[in-house]
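Coordinate inspection notes
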Amino acid sequence: MQIPQDALYGIQTMRAVTNLTFSGRLLQQYPDYIESLALVKKAAALANRTVGEIEESIAAAIEEACNELLSGKHREQFIVDILHGGGGIGTNMNVNEVIANLANERWGNKRGTYSPVNPTDHVNASQSTSDVCHTAMRLAITKTYSRLHVVLTRVQTELDALAERLLDITTISRTCLQDGMRVQLGETFSGYAAVVRRRHQSLTNAVEELSRVNLGGTVIGSGVGASEPYRDIVIDMLSQVTGMNLHRRDNLFDAAQNIDDLSQVSAQLTLLATSLLKIAKDLRLLSSGPEAGFAEITIPAVQAGSSFFPGKVNPVVPETVIQSCFQVMGCDRVVQAALEHADVDLNVFEGAAGANILDALGMLEKSLTLFVDKCLSGITANETRCEELSNSFIPLVVDLKEKYGYSVVSKLIKEQGREGVKRFSQNGGIENEPNE
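Analysis parameters
Residues numbered from 1 in each chain as written. Predicted model: local features only at pLDDT ≥ 70, side-chain atom pairs only at ≥ 80, totals over all residues. Heavy atoms only, no water. Helix = DSSP H or I, 4+ residues; strand = E, 2+ residues; numbered from the N terminus. Expected span 1.5 Å × (residues − 1). Polar contact = N/O pair within 3.5 Å; in protein donor to acceptor, adjacent residues only side chain to side chain. Core = buried A, V, L, I, M, F, W, Y, C linked by side-chain atoms within 4.5 Å. Buried < 20%, exposed > 50% of the residue type's maximum accessible area, 1.4 Å probe, protein only. Contact = heavy atoms within 4.5 Å. Axes fitted to C-alpha atoms, helices over the stretch in contact; angles between N-to-C directions. Parallel < 35°, antiparallel > 145°, perpendicular 65-115°, else oblique. Left-handed = near helix turned anticlockwise from the far one by under 90°. Nonpolar A, V, L, I, M, F, W, Y, C, P; charged D, E, K, R; others polar.

Points about helix 6 (residues 129-165)
Two residues of an α-helix separated by three or four positions point the same way, owing to the 3.6 residues in each turn. An ideal rise of 1.5 Å per residue puts 54 Å on 37 residues; helix 6 measures up with 53 Å between its terminal C-alpha atoms. Measuring from the side-chain oxygen of the N-cap residue of helix 6 to the backbone nitrogen of Ser130 gives 3.1 Å; that N-cap residue is Ser128.

Let's talk about the nonpolar core
The nonpolar side chains of a soluble globular protein tend to be buried, and buried together. In this structure, Tyr33, Phe189 and Leu269 are the most contacted members of the largest nonpolar core, which totals 113 residues. With 15 residues, helix 6 is the single largest residue contributor to this core. Excluding residues that lie within four positions of it along the chain, Leu269 makes contacts with Leu148, Leu203, Val328, Ile357, Ala360, Leu361 and Leu364. Grouped together as the second largest cluster of nonpolar side chains are ten residues, Phe393, Tyr404, Val409 and Phe424 included.

What about the packing of helix 6 against helix 12 (residues 350-374)?
Two elements in contact, helix 6 and helix 12, have axes whose closest approach is 9 Å; the angle formed by their N-to-C orientations is 20 degrees. For the element pair helix 6 / helix 12, the angle class is roughly parallel. Note that helix 6 runs across helix 12; the crossing there is left-handed. Residues that form the contact of helix 6 with helix 12 fall into these classes: 15 nonpolar, six polar and seven charged.

Re the packing of helix 6 against helix 7 (residues 185-208)
Contact pair helix 6 / helix 7: the axes reach a minimum separation of 8 Å and the direction vectors enclose 160 degrees. As summarised for this structure, helix 6 and helix 7 are arranged roughly antiparallel, according to the angle between their axes. Classified by chirality, the crossing of helix 7 by helix 6 is left-handed. Between helix 6 and helix 7, the residues in contact are Thr142, Tyr145, Leu148, His149, Leu152, Thr153, Val155, Gln156, Leu159, Asp160, Leu162 and Ala163 and Gly186, Phe189, Ser190, Tyr192, Ala193, Val196, Arg197, His200, Leu203, Thr204 and Val207, respectively. Per-class residue counts for the contact of helix 6 with helix 7 are 13 nonpolar, eight polar and two charged.

Next comes the structure, spelled out in structure tokens:
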């Protein structure tokens, strides 16, 4: 096969590109995954050097090449489709070949002679695609989640502030989208803050479980192809180079077969997205109008809402959040399908599950940043409208029910109608007090 002269990848990468490309989503678009793969390769090189599996000079060249990738260079060299078949072989070989060619360049510069580092014999020593990609994907998800974690904390803080700021505003509640009793607007927002906080914590707990990885298990968990001394130290080496507290999975055969830890992260992401979707939908309703809708709150206007109605402003930021949540829910279906379609000793669809989790995390991070900056931070209450709604018919009926009981008020409504109830209330309930 022909390979560009300046390419750092090699023939195995080109074969994967030729045979397996379809999605338009390339490995180079996933920098956290590339960085995590480089960290795995660096840790493996250090472990292999320590136990004598590869020469110290080769290990040093590999380590230097990994450091170059960790600095953000050469992203354009990762050209395989992130969703290719083969259990991730294209991804692993793309990384192996880039690291090997970088290492050979550095070797030549230092020694003045060409002494090749082999992508499989050296860069992939004591490893398989299975344990490399399994481990790197969990590192990548953890890193990507760290950014969403910061944004979710901001969402909670803003919702807490809104709950406190709007606590003095009395408005009307709604059940079945029909008028209900009085409620403080801040109490409604306190519910939003509570559900985001709960879902945030559950997602964090699920991501923390990804610190258990299978590096050293090679293909199916047996560890064949990796020496026992290597297996004993490689997770510690990975902890050192990542700065993370990582552990080996209790059963490496289980790790090769089952991706329920990824499935759990995705399920928690979906619960979070569903909750956020409800909040964003509520904001659309509460701000609807401005004259013919609920109109209890005003959300910031960020752009013209219509090319037809002059002056119309739409809730475009909540609608963007809603659509991002739709996408997260779609990503989850892929993850659950990947879990369901594993067979026998290896789940070859794990890479698709991980890529969709990375997509979901990235979309939520971006959409929620917009949500905080361009919507939540600028929400205000329409106090006159809220007061009008809080003094409407159903809140009045609730007040009477609390004083006279459900049956009495029901009879009053039936016999005297809405206007009779209003007159009764205006008279303080003294004249013509209903009899049970």
